[in-house]
Amino acid sequence: GESVGLHLPTLSVQEGDNSIINCAYSNSASDYFIWYKQESGKGPQFIIDIRSNMDKRQGQRVTVLLNKTVKHLSLQIAATQPGDSAVYFCAENPTGTASKLTFGTGTRLQVTL
Amino acid sequence: EPEVTQTPSHQVTQMGQEVILRCVPISNHLYFYWYRQILGQKVEFLVSFYNNEISEKSEIFDDQFSVERPDGSNFTLKIRSTKLEDSAMYFCASSRTDPWAQYFGPGTRLTVL
């Protein structure tokens, strides 16, 4: 389950700092969004989701912001830890498709000590 | 914490052979999905399944693919006659309600020679 070889945008963050990972989505009618974390050799791991009737949602150490005007989604990770190093994907559910998730290309987060 | 499991973790097959990839979704989930990720590319939706029927499928999911829920716990993806381009990681996912919060398994790496 790796995106090895894909030229992913990479974000390097020092341990303890906050991380902000951005995603531009394509379908203005999408009504549901998820952030996934994918570690090397593993499947996507659910982090947090948000519906289009919200602009912010908080979880444990993570916050998702949704700006529908510019079709932009961001994931904020507070006090980034080495275990946060992974590829992060946003996924959207285009309205009109009952179940399909469309994934973005991902951002690789590297946490430096 | 309940999780989606998949077997085998790695399957090697000859072109033209049939393969069956197996998944055990989370026990109280009602919706089941297959995705694939070709090395270096995005996660792509293949098919969703609910109430013993396909809910939605992508253009990738052609006549060579089929899904089945043979009993109360397993969910399988069959590829009848594998092609080289079927080589990928195949992920099973499940959700309690559609399409929210899809939880992914660790994947099966399929290598077609």
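Our structure is the block above this text.
Just so it is clear, the model here is predicted, and its values are computed rather than measured.

Caption draft 1: Looking closely at the state of the cysteines. Tallied over the entire structure, the rule returns two disulfides over all chains. Across the disulfide, C23(A) is cross-linked to C90(A) (sulfur-sulfur distance 1.6 Å). In this pair, C23(A) is assigned in strand β2 (residues 19-24) and C90(A) in strand β8 (residues 86-93), connecting sequence segments 67 residues apart. Of the two residues examined, C23(A) and C90(A), each falls in the buried class. Across the disulfide, C23(B) is cross-linked to C92(B) (sulfur-sulfur distance 1.9 Å). Of note, the bridge from C23(B) to C92(B) carries an S-S torsion of about -65° and is left-handed in sense.

Caption draft 2: Summary view of the pattern of salt bridges. Under the definition given, this model contains four salt bridges over all chains. Note that D49(A) and R57(A) form a salt bridge whose closest N and O atoms lie 2.3 Å from each other. You can call D49(A) buried: its relative accessible area is 12%. For the salt bridge of E44(B) with R36(B), the shortest nitrogen-to-oxygen distance reads 3.2 Å. Accessibility expressed as a relative area gives 10% for R36(B), which makes it buried.

Rules and cut-offs
- All residue numbers refer to position in the chain's written sequence, counted from 1.
- Throughout, the order in which chains and ligands are written sets their labels, letters from A for the former and numbers from 1 for the latter.
- Owing to the predicted nature of the model, reporting of local features is limited to residues with pLDDT of at least 70; listing and counting of side-chain atom pairs is limited to 80 or more, with chain, interface and lining totals taken over all residues.
- Note that the side-chain values use all heavy atoms of the structure and ignore hydrogens as well as water.
- In what follows, a disulfide is any cysteine sulfur pair within 2.5 Å.
- Helix numbering and strand numbering both begin at the N terminus, where a helix is a DSSP run of H or I of at least 4 residues and a strand a DSSP run of E of at least 2.
- Partly exposed residues are those whose accessible area sits between 20% and 50% of the maximum for their type, while under 20% is buried and over 50% is exposed, using a 1.4 Å probe and protein chains only.
- Here, a salt bridge means any side-chain nitrogen of Lys or Arg that lies within 4 Å of a carboxyl oxygen of Asp or Glu.

Purely geometric numbers; function is a separate question.
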